[in-house]
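# Coordinates in review
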Amino acid sequence: MKKHFLHIGLLFIFAVSYSQNEISVVQKDKSEFKINFADDFETLKIQNSKTKQVQLIHNLEASITEKPSHLEINDYNFDGFSDFAVFHTDDGMGVYTIYQIFVYDSKAKQFESLKFPSNFNPKCDMFCDIKVDKTKKILTSSCRGGAKNHTDFWIYDKNKKLTLLKSKSE
């Protein structure tokens, strides 16, 4: 009986830890933010804990089949400040995860949506299965199209603009 409760307890802990619906971010400039979903996952509420200022981000890219959205903290632009992403499994067969990334603007003390660059020709048409290589300062986005797996490698140029380094298909 104890084993049964242990398994249920571990399953509950895993479910709670996986579905990050609220996160706290402490920046290197000591700013602290609480980020959570509002309006049935259509809006993000970001509250600065010191100033009590609230930033709302509306019209999130949510799943049309109501797959749950989650939050993840990372440094997506390699500037030393914590950024975050909203992600959910794709609405098709659920083989990849779609990301909407928000980077921290230390001057404005707010988060801005990382726009998917339209002046390049990547293999993936959105940020999918994002991997962050902090050593090489590369964001990798991977998706599937037809019978091939595609990978786009993104870097930041000297003007701190996201640039496609290369794409490959296998």
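These notes cover the structure that comes with them.

Cut-offs and rules
- Residues numbered from 1 in each chain as written.
- Predicted model: local features only at pLDDT ≥ 70, side-chain atom pairs only at ≥ 80, totals over all residues.
- Heavy atoms only, no water.
- Pairing = 2+ DSSP bridges.
- Helix = DSSP H or I, 4+ residues; strand = E, 2+ residues; numbered from the N terminus.
- Axes fitted to C-alpha atoms, helices over the stretch in contact; angles between N-to-C directions.
- Buried < 20%, exposed > 50% of the residue type's maximum accessible area, 1.4 Å probe, protein only.
- Phe/Tyr/Trp six-rings, centres within 6.5 Å; stacked < 30°, edge-to-face > 60°.
- Lys NZ or Arg CZ within 6 Å of the ring centre and 35° of its normal.
- Contact = heavy atoms within 4.5 Å.

### Quick notes on the sheet that holds strand β10 (residues 138-145)
Read from one edge to the other, the open sheet built from four strands follows the order β9-β10-β11-β12, with strand pairing classed as antiparallel. Looking at which strands have only one partner, the edges of the open sheet turn out to be β9 (131-133) and β12 (162-169). Averaged over neighbouring strand pairs, the angle between their axes works out to 25 degrees when direction is ignored. Here strand β11 (residues 148-156) pairs with β12 via seven bridges, running antiparallel. Considered in β12, the bridge of D152 is made with S167.

### Side note on unusual backbone geometry
For K137, which is not glycine, the phi dihedral falls at a positive 55 degrees. Of note, K137 is situated in the loop between β9 and β10. Even without glycine at this site, K160 takes up a positive phi of about 65 degrees. Among the secondary structure elements, K160 is positioned in the loop between β11 and β12. Given the relative accessible area of 70%, K160 is considered exposed.

### Considering the packing of aromatic side chains
By the definition in use, this model includes twelve aromatic pairs. Relative to Y99, the ring of F87 lies with its centre 5.3 Å away and its plane at 20 degrees, an arrangement referred to as stacked. With a gap of twelve residues between them, F87 in strand β6 (residues 83-89) and Y99 in strand β7 (residues 97-105) connect regions that are remote in the sequence. Per residue, the accessibility class of F87 equals that of Y99, and both read buried. Measuring from centroid to centroid gives 4.9 Å for F116 and F127, while their planes differ by 70 degrees, and the two rings are edge-to-face. Here the residue F116 occupies a position in the loop between β8 (110-113) and β9, and F127 occupies one in the loop between β8 and β9, the gap between them amounting to eleven residues. With a relative accessible area of 27%, F116 lands in the partly exposed category. Lying across the ring of F81, K28 places its NZ or CZ 4.6 Å from the centre. Positioned above the aromatic ring of F153, the side-chain terminus of K166 is 5.1 Å from the ring centre.

### Focus on the side chain of T140
Position of T140 relative to the elements: it lies in strand β10. By relative accessible area, which is 14% here, T140 ends up buried. Apart from residues lying up to four places away in sequence, T140 is in contact with C128, D129, I130, K131, T151, D152 and F153.

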